[in-house]
Amino acid sequence: MDRLLFLRKFIDEPRKIGSLTPSSSFLAKRMMKNLPWQNFSHVAELGAGTGTFTEQIIERKPTACKCLVVEQDFGMRQMLEEKFPTLQFDSYAEDLYNTLHAIHFPQLDCVISGLPFANMDQDLRREIIDNVYRSLKPGGFFVMFQYSLQMRRMLREYFPAVQTDYFLLNFPPAFVYLCRK
Ligand SMILES: C[S@@+](CC[C@H](N)C(=O)[O-])C[C@H]1O[C@@H](n2cnc3c(N)ncnc32)[C@H](O)[C@@H]1O
């Protein structure tokens, strides 16, 4: 079901969706690795799609930890709202910083992203990374994946620590970026 919905959305808006299928569960688990989940009180997910990463976040986060899920597609967001009624939702990653204020979230411990940066223009990329950086508390984590190393330079302008790993158990294989503020 999720794959079909995802494919339909990709056919409608290929650049915004950015991939033919949801990420593999292997990649989702890899994205969550090496993070101190037990210490997290507020986290956000950007570009949630059909919820492959959301499911993994729910499994790991402490019960009291609040999670904001951001997805621009109305249909997918509606599906996620029904599936995960305890989470909070918003539409645009580029509004992250203002959204946190509006919903009374403090700065975040961690942001997980599935956004298709490769399909965005440079201004939108910067706007989103700027929002992520300002939304994180000092020491906060930003984890994202891309199919290239294209974003490394911009991330290094913001984050003192940027680590990249090539992960083969996904189609296509992906680079996982782990950044720390
Ligand atoms: C490559 S899909 C990843 C979906 C899911 N995280 C996964 O890995 O299977 C990218 C998602 O980002 C969403 N997206 C694209 N631009 C966005 C934006 N500016 N704000 C919020 N979501 C966005 C798309 O609608 C799509 O669902």
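Everything that follows concerns the structure shown earlier in this document.
Note that this is a predicted model, so its numbers are computed, not measured.

1. A look at the overall build of the chain
Next up, step 1: Looking only at helices and strands, one finds eight helices and seven strands in the chain.
Next up, step 2: In summary, the chain has a C-alpha radius of gyration of 15 Å against a globular reference of 16 Å for 181 residues, a match within 12%.
Next up, step 3: With the principal axes as the frame, the chain shows a C-alpha extent of 40 × 35 × 30 Å.
Next up, step 4: Relative to its full complement of 181 residues, the chain shows a buried share of 36%.
Next up, step 5: Pairs at least 24 residues apart make up 67% of the contacts formed inside the chain by residues separated by at least 6 positions.

2. Observations regarding the pairing of strand S2 (residues 66-70)
The side chains of a regular strand alternate, first on one face of the sheet and then on the other.
Next up, step 1: Among the five residues that make up S2, four are buried, leaving the element largely enclosed by the rest of the structure.
Next up, step 2: Bridge count for strand S1 (residues 42-46) against S2 is five bridges, and the pairing is parallel. Counted as the bridge partner of Leu46 is Val70 from S2.
Next up, step 3: In this structure, S2 lies alongside strand S3 (residues 88-90), joined through three bridges in parallel fashion. From the neighbouring strand, Val69 faces S3, where its bridge partner is Phe89.
Next up, step 4: One crossover worth recording links S2 to the parallel S3 by way of helix H5 (residues 74-83), and it is right-handed.

3. Details of the sheet that holds strand S6 (residues 161-167)
Next up, step 1: Spatial ordering of the open sheet is given by S3-S2-S1-S4-S5-S7-S6, a layout of seven strands whose pairing is mixed. At either margin of the open sheet sits one strand with a lone partner, and together these are S3 and S6. Within this sheet the neighbouring strands show an average axis-to-axis angle of 15°, counted without direction.
Next up, step 2: Where strand S5 (residues 136-146) meets strand S7 (residues 174-180), six bridges bridge the pair, whose relative direction is antiparallel. Counted as the bridge partner of Gln146 is Phe175 from S7.

4. Looking at the packing of helix H3 (residues 25-32) against helix H4 (residues 52-60)
Next up, step 1: At their nearest, the axes of H3 and H4 sit 9 Å apart, and the two run at 45° to each other. One finds that H3 runs oblique with respect to H4. Crossing of H3 against H4: the hand is right-handed. Across the interface between the two elements, Ser25, Ala28, Lys29, Met31 and Met32 of H3 pack against Thr52, Phe53, Gln56 and Arg60 of H4.
Next up, step 2: When its residues are assigned to classes, the contact of H3 with H4 shows four nonpolar, three polar and two charged.

5. Quick word on the site of the ligand
Next up, step 1: The ligand sits among 23 residues. The nearest are Pro22, Ser23, Gly47, Gly49 and Gly114.
Next up, step 2: Split by residue class, the shell around the ligand holds eleven nonpolar, eight polar and four charged.

6. Some words on the environment of Met154
Next up, step 1: Locating Met154 in the fold gives a position in helix H8 (residues 152-158).
Next up, step 2: Note on Met154: 16 C-beta atoms within 10 Å, which makes it partly exposed.
Next up, step 3: Here the alpha-carbon distance between Met154 and Thr52, two residues 102 residues apart in the chain, equals 26 Å.
Next up, step 4: Discounting chain neighbours no more than four positions away, the residues touching Met154 are Arg125, Arg126 and Ile129.

Scoring rules and cut-offs
Residues numbered from 1 in each chain as written. Predicted model: local features only at pLDDT ≥ 70, side-chain atom pairs only at ≥ 80, totals over all residues. Helix = DSSP H or I, 4+ residues; strand = E, 2+ residues; numbered from the N terminus. Rg over C-alpha atoms; globule rule 2.2 N^0.38 Å. Buried ≥ 20, exposed ≤ 12 C-beta atoms within 10 Å, placed from the backbone. Contact = placed C-beta atoms within 7 Å. Pairing = 2+ DSSP bridges. Right-handed = clockwise from strand over helix to strand, strands pointing away. Axes fitted to C-alpha atoms, helices over the stretch in contact; angles between N-to-C directions. Parallel < 35°, antiparallel > 145°, perpendicular 65-115°, else oblique. Left-handed = near helix turned anticlockwise from the far one by under 90°. Nonpolar A, V, L, I, M, F, W, Y, C, P; charged D, E, K, R; others polar. Near = placed C-beta within 6 Å.

Just geometry here; none of it tells us what the structure is for.
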